[in-house]
Amino acid sequence: MDANARLDAAAMLQPFAADAVLVDNGAVFRGRAEIGGLFEEAVIPVKAIFTPDTVRREDGQVVVEGPARGDFKGSPIRFTYRFTLEEGLIKALEITA
């Protein structure tokens, strides 16, 4: 979250496993290269900053909810992030609005 607040794509990518899968509203990104590309193309240019206000554990996942604000249509939009962690890294992340 700190890396996102700084819009630092490289730091945002660090907690992801090399073979992580990110699903963003149905679009699938596999591995660090694709996930990093998503950050560079869809997060950084519109200055999308997610501010979590709810965190809970659910079905073995960490679920984080809150608004994202930035230079994009509909801002702010409330998102739900569902993290699957493995060995201290993000193995899977599903993002829904």
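The rules behind the values
Residues numbered from 1 in each chain as written. Predicted model: local features only at pLDDT ≥ 70, side-chain atom pairs only at ≥ 80, totals over all residues. Heavy atoms only, no water. Helix = DSSP H or I, 4+ residues; strand = E, 2+ residues; numbered from the N terminus. Buried < 20%, exposed > 50% of the residue type's maximum accessible area, 1.4 Å probe, protein only. Polar contact = N/O pair within 3.5 Å; in protein donor to acceptor, adjacent residues only side chain to side chain. Contact = heavy atoms within 4.5 Å. Salt bridge = Lys/Arg side-chain N within 4 Å of Asp/Glu carboxyl O. Pairing = 2+ DSSP bridges.

S.K.: Just checking my understanding: could you explain the side chain of Asn 4 for this structure?
M.R.: In this fold, Asn 4 is placed in helix H1 (residues 2–5). A residue is classified by how much of its surface remains accessible, and Asn 4, at 9% relative accessible area, is buried. One polar contact links the side chain of Asn 4 to the main-chain carbonyl oxygen of Ala 48, over a distance of 2.9 Å. Apart from residues lying up to four places away in sequence, Asn 4 is in contact with Met 12, Val 43, Ala 48, Ile 49 and Phe 50.

S.K.: Even after reading the chapter, I still don't get the pattern of salt bridges, so can you show me in this structure?
M.R.: One side chain can pair with another of opposite charge once the charged atoms of both are near each other. For the structure shown, the criterion picks out eight salt bridges. Here Glu 65 ties to Arg 56 by a salt bridge, and the two come within 3.2 Å at their closest N and O atoms. Of the charged contacts, one joins Glu 58 and Arg 82 as a salt bridge, the two residues approaching to 2.7 Å between their closest N and O atoms. Of this pair, Glu 58 sits in strand E4 (residues 54–58) while Arg 82 sits in strand E6 (residues 77–86), and the two are 24 residues apart along the sequence. Classification of Glu 58 as partly exposed rests on a relative accessible area of 26%. Note on Arg 82: relative accessible area 23%, which makes it partly exposed. Taken together, the salt bridges that share partners define one network made up of Arg 56, Glu 58, Glu 65 and Arg 82.

S.K.: Please explain the pairing of strand E7 (residues 89–96) as it appears in this structure.
M.R.: The pairing of strand E1 (residues 16–24) with E7 spans five bridges and is classified as parallel. When the sheet's bridge partners are listed, Val 21 is paired in E7 with Ala 92. Bridge count between E6 and E7: seven bridges; the pairing is antiparallel. Within E7, the residue paired with Leu 85 across the bridge is Ile 90.

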